[in-house]
Amino acid sequence: MPYYRVTGEIPRKRHVRFRRPDGGLYAEELMGEEGFTSDSSLLYHAHPPTAIVKSEGLDDAADTGAVPNHPLLPRHFRTQELPAGGDLVLGRQLLMANDDVRISFAAAGAASELYRNSAGDEAIYVRNGAARFESVYGSIDAGAGDYVVVPRGTIHRWLPAAGEPVHALVIEARGHIRPPRRYLSACGQFLEHAPYCERDLRGPDGPLLAEGEDVPVIVRNRGGLTRLSYAFHPFDVVGWDGYLYPYAFNIADFEPIVKRTHAPPPVHQTFEGPNFVICSFCPRPLDFDPEAVPIPYNHHNVDSDEMMYYVAGDYSARQGSGVGLGSITLHPSGFTHGPQPGAVEAVIRGLEEGRTTTDETAVMIDTFRPLLLAPASRRAEDPEYAWSWAKAARSEQNAG
Ligand SMILES: [Fe+2]
């Protein structure tokens, strides 16, 4: 997180005696990245955060059965067809994964247990619905269009609002998820050319205090899932300060960067992770040169697999592909992708008729290592997608 925040009560200096009203000492805890050499926060607990009473291993059914994308194909998964149910932690339906990132879909209506991901940071993109995110740092109210970035090790839980389930894309990194470095000053301030800045980030309100004994927390580490019970409720923090905490950023606060002719996806980059990037395609003016081809050119990112989640608006470049809202496409390295034949002419006709903007909204993840396909993705797969470009090209040829 790029800037300092303080919440609740903290002592005048680090590592000095800080007493509870009953005279006992608060327990100070450093949450820090990269072995004391990067961002950190100091939290002050009413009870020792070390006091555990039980540890049970859990099966992680989602973790099994991911296989290479073989034979190689572009893929289309309809998340609209995946079952709703469960919560935003154990109800995750793993779609694809590699050693750097796991990408899941959830349609969750139930409250989650307390959870800590110690394998890496998470970014949860809420497509629709609303949920309260509660953590040791405090709470964040999340709604449609929010990315909630959760630093590794943060104990938290998700409480969906009553009503429609929360549809979310869950991105679990094996490392840290941060704003792109090129948008930050040497001291971490967002630069003027960045598509968003500190004012767009919502930190936690709080802190939260909860009572309880023998409180279970699901912990993910490289070994899998464990249910670890704490002697005291982990939400016992009276104050904290530092640069490390969860935050929310809404996709509607991303200021799109446009060019006269078509700009490539790095202009949409929102976050970077280890060997992957997250991009936000947002409503924007179409490319405005009178000769511009206003939608993407065919491209082959030879080092990347590209996953796209279509979250809102009208996606002109994908007309005739079967892709709709809630769809996820995977365009792997080894395959050149681009608009469906006919889409360019359709958008040019639209421009001539005065449709000069696009309201398309999508979340894209480009990974630099191939994505394996997990069983849930196969259950939602559209088997005709791979042939949609050829089908459109042939019918254009026949029409001509
Ligand atoms: Fe692409």
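It should be noted that the structure appears before, not after, this text.
Calculation notes
- Residues numbered from 1 in each chain as written.
- Predicted model: local features only at pLDDT ≥ 70, side-chain atom pairs only at ≥ 80, totals over all residues.
- Heavy atoms only, no water.
- Core = buried A, V, L, I, M, F, W, Y, C linked by side-chain atoms within 4.5 Å.
- Buried < 20%, exposed > 50% of the residue type's maximum accessible area, 1.4 Å probe, protein only.
- Helix = DSSP H or I, 4+ residues; strand = E, 2+ residues; numbered from the N terminus.
- Contact = heavy atoms within 4.5 Å.
- Pairing = 2+ DSSP bridges.
- Axes fitted to C-alpha atoms, helices over the stretch in contact; angles between N-to-C directions.
- Donors = N, O, S within 2.8 Å, 3.2 Å for Na, K, Ca; no water.
- Tetrahedral: all angles 85-135°; square planar, octahedral: opposite > 155°, others 65-115°.
- 1 Å grid on protein atoms, 1.4 Å probe; cavity = no way out; pocket = protein on both sides within 12 Å on 5 of 7 lines; lining within 4 Å.
- Points joined across faces, edges and corners; volume = space filled by probe spheres on them.
- Nonpolar A, V, L, I, M, F, W, Y, C, P; charged D, E, K, R; others polar.
- Patch = residues over 30% accessible without salt bridge, like charges linked within 9 Å, V, L, I, M, F, W, Y side chains within 5 Å.
- Areas by Shrake-Rupley, 256 points an atom, 1.4 Å probe, with all protein chains shown as cover.
- Salt bridge = Lys/Arg side-chain N within 4 Å of Asp/Glu carboxyl O.
- Polar contact = N/O pair within 3.5 Å; in protein donor to acceptor, adjacent residues only side chain to side chain.
- Expected span 1.5 Å × (residues − 1).
- Arc of directions from axis to C-beta.

K.L.:
Any chance you could explain the nonpolar core here in plain terms?
P.N.:
A general trend in soluble globular proteins is that nonpolar side chains are found buried together. Core analysis: the biggest nonpolar cluster contains 41 residues, and M96, L169, F271, I278, Y309 and V363 have the highest contact counts within it. The greatest single-element share of this core, amounting to four residues, is contributed by strand β7 (residues 101-108). Other than its neighbours up to four places away in sequence, M96 contacts F77, V101, R102, I103, M307, I328, L330, L371, L372 and A374.

K.L.:
Would you mind going over the sheet that holds strand β21 (residues 276-281) with me for this structure?
P.N.:
By way of backbone hydrogen bonds, the strands of a sheet pair with one another, either parallel or antiparallel. The strand order across the open sheet formed by six strands is β5-β24-β23-β26-β21-β20, and the pairing between neighbours is antiparallel. Of all the strands in the sheet, the pair left with one neighbour each is β5 (75-78) and β20 (269-273). Taking each pair of neighbouring strands and ignoring which way they run, the sheet shows an average axis angle of 15°. Strand direction decides the pairing type here: strand β23 (residues 305-312) and strand β26 (residues 361-367), joined by seven bridges, are antiparallel. Bridge pairing links Y309 to V363 in β26.

K.L.:
Please clarify how the coordination of the iron ion should be interpreted in this entry.
P.N.:
Octahedral six-donor coordination of a metal ideally yields angles of 90 or 180 degrees, compared with 109.5 degrees for tetrahedral four-donor coordination. For the iron ion, the full set of protein donor atoms is H299 (NE2), E306 (OE), E306 (OE) and H337 (NE2), at a range of 2.0 to 2.7 Å. Coordination at the iron ion comes from four donor atoms whose angles at the metal span 53 to 171°, giving a geometry best classed as irregular. All donor residues of the iron ion come from one chain, and their arrangement in sequence is H-x6-E-x30-H. On the criterion of sequence distance, the pair formed by H299 in the loop between β22 (284-285) and β23 and H337 in the loop between β24 (327-331) and α1 (343-352) is long-range, its members being 38 residues apart. Here H299 matches H337 in class, with each residue buried.

K.L.:
Sorry if this is basic, but what is going on with unusual backbone geometry here?
P.N.:
Glycine aside, residues mostly have negative phi, and peptide bonds are mostly found in the trans state. In the segment running from H70 into P71, the intervening peptide bond is cis, with an omega of -5°. Along the chain, P71 falls in the loop between β4 (52-58) and β5. Here G206 and P207 are connected by a cis peptide whose omega angle stands at 5°. Position of P207 among the secondary structure elements: in the loop between β15 (201-202) and β16 (213-221). For E34, which is not a glycine, the phi torsion comes out positive at approximately 55°. Despite not being glycine, D214 shows a phi value in the positive range, around 50°. Mapped onto the fold, D214 is located in strand β16.

K.L.:
Can you walk me through empty space enclosed by the protein in this structure?
P.N.:
Gaps left between atoms show up when a probe the size of a water molecule is rolled over them. In this structure the tally under the stated criterion is three cavities of 30 Å³ or more. Each pocket or cavity is described by its volume, and for the largest cavity that value is around 140 Å³. For the lining of the largest cavity, the residue count by class is nine nonpolar, five polar and three charged.

K.L.:
Looking at this structure, how should I read a nonpolar patch on the surface?
P.N.:
On the surface, a nonpolar cluster with roughly 270 Å² of combined accessible area is contributed by Y4, V6 and Y243. Inspection of the secondary structure assignment puts V6 in strand β1 (residues 5-8).

K.L.:
Where do I start with the sheet that holds strand β12 (residues 146-150) in this structure?
P.N.:
One open sheet accounts for eight strands, arranged β15-β19-β12-β9-β14-β7-β6-β27; its pairing is antiparallel. Edge positions in the open sheet fall to β15 and β27 (372-373), since each of these has one partner strand only. The pairing of strand β6 (residues 93-97) with β7 spans four bridges and is antiparallel. From the neighbouring strand, M96 faces β7, where its bridge partner is I103.

K.L.:
Looking at this structure, I do not really get the pattern of salt bridges. What am I missing?
P.N.:
When the charged atoms of two side chains with opposite charge come close together, those side chains can pair. Summed over the entire model, instances satisfying the criterion amount to 21 salt bridges. The salt bridge involving E113 is made with R227; its shortest N-O contact spans 2.8 Å. With E113 in the loop between β7 and β8 (114-117) and R227 in strand β17 (residues 224-232), the pair connects residues that are 114 residues apart, well separated along the chain. Looking at E113, the relative accessible area reads 27%, which means it is partly exposed. A salt bridge links E134 to R157, with the nearest nitrogen and oxygen atoms 2.9 Å apart. Here E134 is found in strand β10 (residues 131-135), whereas its partner R157 is found in strand β13 (residues 156-160), with 23 residues between them in sequence.

K.L.:
Looking at this model, I keep getting lost on the side chain of H233. Mind explaining?
P.N.:
Inspection of the secondary structure assignment puts H233 in the loop between β17 and β18 (237-242). Polar side-chain contacts of H233 include one of 3.0 Å to the backbone nitrogen of F235. With sequence-adjacent residues up to four places away left out, H233 is seen in contact with L114, R157, A210, E211, G212 and V215.

K.L.:
Sorry if this is basic, but what is going on with helix α3 (residues 388-399) here?
P.N.:
If you check α3, its first and last C-alpha atoms are 16 Å apart, about what twelve residues at 1.5 Å a residue would give, namely 16 Å. By the burial criterion, the buried members of α3 are S388, W389 and A392. The buried residues of α3 all sit within an arc of 105° when viewed along its axis, so they share a single face. Opposite its buried face, α3 presents the exposed residues K391, R394, Q397 and N398, each directed more than 90 degrees away. Contact partners of the buried residues in α3: β24.

K.L.:
When you look at the side chain of N117 in this model, what are you seeing that I'm missing?
P.N.:
Mapping N117 onto the fold places it in strand β8. The exposure class assigned to N117 is buried, which follows from its relative accessible area of 3%. Residues contacting N117, with those up to four places away along its chain left out, are E122, R152, G153, E172 and R220.

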